[in-house]
Amino acid sequence: MPLSEHEQRMLEQMERALYAEDPKFATALEGSGLRTYTRRRVYQAVAGFLVGIALLMAGMVAKQVWLSVVGFLVMLGCAVLAVTGWRKAPKPGEQAAGAGGQQARRQGRQRRSMMDRIEQRWQKRRDEQGGH
């Protein structure tokens, strides 16, 4: 849910007050925390994927099907984590909160217009069927 204009102004005032009060803490918070977190998550997922490959191969060499299945499941889970982490990561020059808010507003409008179109089609079909 996007913030209203009043809420955005209040948030900006709080940010300015934080910078004025403790600039060192504010810059530490501002940093690329989300980007670093998602990047670390992707790296961990890639490492897990490699462990999954090793388990898969070890299961094949040892002729233990269960170990190969576990390795495959680890690979699958890590691939999903890597892809979702990669998609959620903000771009290097992008602010996470600002871009997310604008994107959420845009998606909200698109959803509403799509729902309006669906409702109009449904109403049109009901009217056509009712008239016959």
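Residues numbered from 1 in each chain as written. Predicted model: local features only at pLDDT ≥ 70, side-chain atom pairs only at ≥ 80, totals over all residues. Heavy atoms only, no water.

As a further point, take the overall build of the protein. If you tally the helices and strands in the protein, you get 5 helices and 0 strands. Moving toward the C terminus, one meets the helices and strands of the protein in the order α-α-α-α-α. The 132 residues of the protein split such that 13% are buried. In the protein, of all internal contacts separated by at least 6 residues, the share reaching a separation of at least 24 is 49%. As presented, the protein carries roughly 11000 Å² of accessible surface, and 61% of it is formed by carbon and sulfur atoms. (Helix = DSSP H or I, 4+ residues; strand = E, 2+ residues; numbered from the N terminus. Buried < 20%, exposed > 50% of the residue type's maximum accessible area, 1.4 Å probe, protein only. Contact = heavy atoms within 4.5 Å. Areas by Shrake-Rupley, 256 points an atom, 1.4 Å probe, with all protein chains shown as cover.)

On to unusual backbone geometry, then. Unlike most non-glycine residues, Lys-63 shows phi in positive territory, near 55 degrees. Secondary-structure assignment places Lys-63 in the loop between helix H3 (33-61) and helix H4 (65-88).

Here we come to the side chain of Ser-68. Locating Ser-68 in the fold gives a position in helix H4. In this structure Ser-68 comes out as buried when scored by relative accessible area, which is 13%. Here the side chain of Ser-68 touches Leu-56 through a polar contact of 3.3 Å, landing on its backbone oxygen. (Polar contact = N/O pair within 3.5 Å; in protein donor to acceptor, adjacent residues only side chain to side chain.)

Right, let's talk about the confidence of the model for the protein for a bit. Scored by pLDDT, the protein comes out at a mean of 76, with 67% of its residues at no less than 70. Within the protein, the element-level pLDDT minimum falls on helix H5 (residues 96-131), averaging 66, and the maximum on H4, averaging 87. A low-confidence stretch, residues 95-100 stays under pLDDT 50, and its non-local contacts, those more than four residues away or across chains, total 3 contacts. (pLDDT = per-residue confidence, 0-100.)

With that out of the way, let us pick up a nonpolar patch on the surface. Where nonpolar side chains cluster on the molecular surface, the patch consists of Val-65, Val-69, Phe-72, Leu-73, Leu-76 and Val-80 and spans about 570 Å² of accessible area. Residue position: Leu-76 is located in helix H4. (Patch = residues over 30% accessible without salt bridge, like charges linked within 9 Å, V, L, I, M, F, W, Y side chains within 5 Å. Salt bridge = Lys/Arg side-chain N within 4 Å of Asp/Glu carboxyl O.)

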